[in-house]
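# What the coordinates show
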Amino acid sequence: SDDGACIFSSHSRQEMPVPFIKLLSVAVKQVGKPIAERIKARALRNESLRVSMVSVGRRLHVNVTQLRRIAEGRRMLSRDRIKELDEEQALARGSDFLAEMVVYSVSVFAVGLEQWYVMRKVRMAEAEAAAKEAEVLRLKAVNEELQWKEFKAVHCKLEEVQSRLAQMEERMESRAVEQEQQQRRRRQHRHWWS
């Protein structure tokens, strides 16, 4: 698969960080090199920076020598047994180190900026999802409240209908009792005449 092709696809940046970071680091190095060379040139003209670069160059020489010995399986030497670089070589090594540090610092900043941007997008997406979920929960609560109100209204109507029905049944019973009493009286009255 071609990593470079991912950049032109419709995928989000979160799905393609490696190709983007590779391109970004190459671009940053290309932009950072001229900047580093200018800083290096200024450092060579400034006497206090020049002294610092000589010191850094000599310290790097000692560290590289010690690391080389360790990698070869030999024991480390004391610092005074390692041949000290002359000023020009130490200056060149220190200023190269400064230039590389500038390039790498810019690269780290660019990668950090990209990471911040991706994390910001993730946080925004999470916040949006949380807001949508909160809205769904709010609407659900509103819906439940409306359903309870409707249920209570229907329950009240049902009680009212039941009350009316009970009243109608009482009236019907009382009419039936009245009609029965009237029929008894009529029978008694007929019986009395007969």
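Keep in mind that this is a model prediction, so the values were computed, not measured.

## What about the overall build of the protein chain?
Of the regular secondary structure elements, the protein chain holds three helices and zero strands. Ordered by position from N to C terminus, the α and β elements of the protein chain give α-α-α. Scored against the burial criterion, the 194 residues of the protein chain give a buried share of 15%. Contacts in the protein chain between residues far apart in sequence, at least 24 positions, make up 66% of those at least 6 positions apart. Counting only carbon and sulfur atoms, one obtains 58% of the accessible surface of the protein chain, whose full area is about 16000 Å².

## Focus on a nonpolar patch on the surface
Together, Val-31, Ile-35 and Ile-39 make up an exposed nonpolar region whose accessible area comes to about 240 Å². Assignment of secondary structure puts Val-31 in helix H1 (residues 17-45). On the accessibility criterion, Val-31 (53% relative accessible area) is exposed.

## Examining the side chain of Arg-69
Relative to the helices and strands, Arg-69 is located in helix H2 (residues 47-71). Buried Arg-69, no salt bridge; nearest opposite-charge side chain is Glu-72, N-O distance 5.9 Å. Setting aside chain neighbours within four positions, we find Arg-69 in contact with Arg-74, Arg-75, Met-76 and Leu-77.

## As for the packing of aromatic side chains
On inspection of all chains with the given rule, the structure shows one aromatic pair. Aromatic pair Trp-148 and Phe-151: ring centres 5.6 Å apart, planes at 90°, arrangement edge-to-face. One end of the pair is Trp-148 and the other is Phe-151, both in helix H3 (residues 87-193) and three residues apart, which spans about a single turn. Judged by its relative accessible area of 47%, Phe-151 falls in the partly exposed class.

## Observations concerning H2
At 3.6 residues per turn, the α-helix brings residues three or four places apart onto the same side. With 25 residues, H2 should reach 36 Å at 1.5 Å per residue; the first-to-last C-alpha distance of 36 Å fits that figure. For H2, the complete set of buried residues consists of Arg-50, Met-53, Val-54, Gly-57, His-61, Val-62, Thr-65, Gln-66 and Arg-69.

## Some remarks on the nonpolar core
Grouped together as the largest cluster of nonpolar side chains are six residues: Ala-43, Met-53, Val-54, Leu-85, Ala-90 and Leu-91. For this core, the secondary-structure elements that each account for two or more residues are H2 and H3. Setting aside anything within four residues of it in sequence, one finds Ala-43 in contact with Leu-49, Arg-50, Met-53 and Leu-98.

## A look at the confidence of the model for the protein chain
Residues at a pLDDT of 70 or more form 85% of the protein chain, whose mean pLDDT is 82. Here residues 1-14 is a poorly scored stretch, pLDDT under 50, and it has 15 contacts once near neighbours within four places are set aside; other chains count.

## What to know about the pattern of salt bridges
The full count for this structure, using the stated rule, is eight salt bridges. One salt bridge connects Glu-88 with Arg-50, and the closest N-O pair in it is separated by 3.3 Å. Separated by 38 residues along the polypeptide, Glu-88 in helix H3 and Arg-50 in helix H2 bring together distant segments of the chain. In this structure, Glu-145 engages Lys-149 in a salt bridge whose closest nitrogen and oxygen atoms are separated by 3.7 Å. Within this pair, Glu-145 and its partner Lys-149 are both found in helix H3, separated by four residues, close to a single helical turn. Residue class for Glu-145 comes out partly exposed when judged on its relative accessible area of 46%.

The rules behind these values
- Residues numbered from 1 in each chain as written.
- Predicted model: local features only at pLDDT ≥ 70, side-chain atom pairs only at ≥ 80, totals over all residues.
- Heavy atoms only, no water.
- Helix = DSSP H or I, 4+ residues; strand = E, 2+ residues; numbered from the N terminus.
- Buried < 20%, exposed > 50% of the residue type's maximum accessible area, 1.4 Å probe, protein only.
- Contact = heavy atoms within 4.5 Å.
- Areas by Shrake-Rupley, 256 points an atom, 1.4 Å probe, with all protein chains shown as cover.
- Patch = residues over 30% accessible without salt bridge, like charges linked within 9 Å, V, L, I, M, F, W, Y side chains within 5 Å.
- Salt bridge = Lys/Arg side-chain N within 4 Å of Asp/Glu carboxyl O.
- Lys, Arg positive; Asp, Glu negative; His and termini not counted.
- Phe/Tyr/Trp six-rings, centres within 6.5 Å; stacked < 30°, edge-to-face > 60°.
- Expected span 1.5 Å × (residues − 1).
- Core = buried A, V, L, I, M, F, W, Y, C linked by side-chain atoms within 4.5 Å.
- pLDDT = per-residue confidence, 0-100.

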